[in-house]
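# What the coordinates show
Now for the letters of each chain:
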Amino acid sequence: MSRHEISAPWPGSLSSTLRERAKAMVTRIVLPEGEDPRILRAAAAIRDMSLADVVLLGNGETLDNSAAGLGIDLTGIERIDPATDPRRTVFANRYLETRSSDAGTFQAASELVADPLFFATMLLEAGAADGLVAGARSTTAATIAPALRLRRMRAGMGPITSCFLMELPPGRLPSEVGDVLVFADCALNSAPSSAMLARIAMAAAEAARDLCGLEPRVALLSSSTKGSTTNDRVEAVRGAVAQLRRRAPELCVDGELQADAALVADVADSKASGSPVAGRANVLVFPGLESGNIAYKLVERLGGARAIGPIFFGLNWPVNDLSRGCSLDDVIDVVAVTAIQAQTAPAPELR
C-alpha cells in the first residue's frame with residue numbers, strides 16, 4: 001500500500017482501538033505543518049472519522065491551493081496563518097512575560113511566534129488547543145524546542161522521555177508476548193544514565209497501561225544477560241534496574257537482558273531462568289538512543305510493524321512527533337494518541 005493511502009486497521013488492533021477511543025473524546029489538535037500533502041490528507045481523514053477537531057497552520061491561500069490540487073475538501077477544518085493572525089501580538093507579549101530575562105525585543109518575539117511550530121505551542125499555552133503533532137517536515141528537536149524554550153516541562157518529571165508503540169502483524173511474536181510492544185527511548189536521550197533509564201522505563205510502562213491496555217513487563221535491554229559481559233552501558237542498565245526495584249517495587253521489571261532473552265521463552269530458560277520478565281517482555285527499554293532508533297526502524301521496515309510515535313512524556317501538554325518518512329496512517333494514529341493523552345493523566349513522577 002502507498003504511504004499516501006489510508007489503510008483500515010483490523011478490528012481489535014491497537015490502531016483500531018486508539019482511533020475508537022479518540023472518537024469518544026472532544027479534543028482540538030493543532031497540526032503546524034499544514035502545507036505538507038500528507039498532513040492535508042490526514043486532516044481531512046481525521047475530520048471524516050471524527051477523531052478530533054483539527055487546526056491547520058500555514059498560509060491560507062497556499063493551504064487552499066494545495067488542497068485543491070490534491071482534490072481535498074477542507075470544509076470544516078480551521079486554518080490559521082500565524083503571520084497574520086491577530087493573536088501573534090498577544091503571543092509575543094506572553095512570550096516576553098514568560099522569558100523576561102532573555103526574550104529580547106518585541107520584534108524578535110513577534111518573529112519567533114510567527115513560526116508555525118512556535119505559534120502552535122503558544123495555542124497550547126493559551127488553552128486554545130489540546131495537543132500538537134508535528135514532524136512530517138521538522139526534526140524531533142525542532143518539534144519540542146518551543147515547549148522547552150517556554151520551560152513548559154511538567155514539574156518533577158525531569159528530562160522528557162519518549163516511546164514508540166509497536167504493533168506487529170498477528171502471530172509474529174510468541175503468544176506470551178503478544179502483538180504489541182513499547183520501545184523506549186528511541187528518539188530523545190542519547191546515552192541515558194541509570195536514573196534516566198529508570199525514568200524512561202516508568203514512562204514506557206505507563207504508556208503500555210494507558211495507551212495499549214497492557215500489564216507492563218519491562219525488560220531493560222543490553223548486550224549482556226545477567227552478567228555475561230560488562231561495560232559502562234551494561235553498568236548503567238544494572239543501576240537502573242536496582243533503582244526501579246527500590247523505587248517502584250510493584251513494577252514487573254528485569255535486566256540486564258539481551259533481546260532474545262527478553263522475547264523468546266526457550267532462550268530465557270537458558271539465559272535468565274526464573275526471571276519474571278524474560279521470554280515475555282512487552283516493554284523494551286534500550287540502553288541508548290542509537291540502538292533504540294535502529295531497532296524500531298528495522299522492526300517497522302523489515303518486520304512489518306506499525307510504529308506509532310514517538311510519543312513524548314514530561315511536557316505540560318501532549319506534544320508528539322512524526323517521522324519525516326511518515327505515512328497517512330502514522331499521522332492519524334499519532335493524532336489519536338495525542339487526543340487520548342489530552343484527556344488522561346501524565347506518567348507519574350519516579351519517586
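For the structure itself, consult the block above.
Owing to the predicted nature of the structure, the values given are computational and were not obtained by experimental measurement. (Residues numbered from 1 in each chain as written. Predicted model: local features only at pLDDT ≥ 70, side-chain atom pairs only at ≥ 80, totals over all residues. Heavy atoms only, no water.)

### Considerations on the nonpolar core
The biggest cluster of nonpolar side chains holds 68 residues, and the ones touching the most others in it are Leu31, Leu56, Leu165, Val218 and Leu220. If you tally residues by element for this core, the top one is helix α8 (residues 194-210), at 11 residues. With near-sequence residues (within four places) excluded, Leu165 lies in contact with Leu14, Leu18, Leu181, Val182, Ala207, Leu211, Cys212, Arg306, Ala307, Ile308 and Val337. With 29 residues, the next largest nonpolar core counts Val55, Ile80, Ile144 and Ala147 among its residues. (Core = buried A, V, L, I, M, F, W, Y, C linked by side-chain atoms within 4.5 Å. Buried < 20%, exposed > 50% of the residue type's maximum accessible area, 1.4 Å probe, protein only. Helix = DSSP H or I, 4+ residues; strand = E, 2+ residues; numbered from the N terminus. Contact = heavy atoms within 4.5 Å.)

### What to know about helix α4 (residues 87-98)
When the terminal C-alpha atoms of α4 are compared, their 16 Å separation across 12 residues agrees well with the 16 Å that a helix rising 1.5 Å per residue should span. Residues Arg88, Phe91, Ala92, Tyr95, Leu96 and Thr98 constitute the buried set of α4. Looking straight down α4, one finds its buried side chains confined to an arc of 165°; they lie on one side. What points out from α4, more than 90 degrees from its buried face, is the exposed set Val90 and Glu97. Buried positions along α4 lie against α5 (106-113), α6 (116-125) and α7 (140-149). (Expected span 1.5 Å × (residues − 1). Arc of directions from axis to C-beta.)

### Section: a nonpolar patch on the surface
Side chains of Ile294, Leu298 and Leu302 sit close together on the surface and give an oily, nonpolar patch of about 330 Å² of accessible area. Mapped onto the fold, Leu302 is located in the loop between α12 (289-301) and β10 (306-313). (Patch = residues over 30% accessible without salt bridge, like charges linked within 9 Å, V, L, I, M, F, W, Y side chains within 5 Å. Areas by Shrake-Rupley, 256 points an atom, 1.4 Å probe, with all protein chains shown as cover. Salt bridge = Lys/Arg side-chain N within 4 Å of Asp/Glu carboxyl O.)

### Looking at α12
If you check α12, its first and last C-alpha atoms are 18 Å apart, about what 13 residues at 1.5 Å a residue would give, namely 18 Å. Within α12, the full set of buried residues consists of Leu289, Gly292, Ala295, Tyr296 and Glu300. The buried residues of α12 occupy one face: seen down the axis, they fall within an arc of 140°. Structurally, α12 contributes buried residues whose contacts are with β5 (161-167), β6 (180-184) and β10.

### A word on the sheet that holds strand β4 (residues 131-134)
The parallel open sheet is built from 5 strands, whose spatial order is β3-β2-β1-β4-β11. At either margin of the open sheet sits one strand with a lone partner, and together these are β3 (78-80) and β11 (319-321). Between one strand and the next, the sheet's axes are offset by a mean angle of 25°, whatever the strand orientation. Where strand β1 (residues 28-31) and β4 come together, 2 bridges link them in parallel fashion. Residue Val30 lies in a different strand from β4, and its bridge partner there is Leu132. Its contacts with the sheet put α6 on β1, β2 (53-57), β3, β4 and β11, and the angle it makes with β4 is roughly 160°. (Pairing = 2+ DSSP bridges. Axes fitted to C-alpha atoms, helices over the stretch in contact; angles between N-to-C directions.)

### Focus: the pairing of strand β8 (residues 252-257)
Buried residues dominate β8, accounting for 5 of its 6 residues. Where strand β7 (residues 217-221) meets β8, 5 bridges bridge the pair, whose relative direction is parallel. Residue pairing in the sheet places Leu220 in a bridge with Gly255 of β8. Regarding topology, helix α9 (residues 232-247) serves as the crossover connection from β7 to the parallel β8, and that connection is right-handed. (Right-handed = clockwise from strand over helix to strand, strands pointing away.)

### Comments concerning the pattern of salt bridges
Per the stated rule, a full pass over the model turns up 20 salt bridges. Linking Arg19 and Asp329 is a salt bridge whose minimum nitrogen-to-oxygen distance equals 2.9 Å. With Arg19 in helix α1 (residues 14-23) and Asp329 in helix α13 (residues 328-342), this pair connects stretches of sequence that are 310 residues apart. The exposure class of Arg19 is buried, given its relative accessible area of 4%. Using a relative accessible area of 5% as the deciding quantity, one classes Asp329 as buried.

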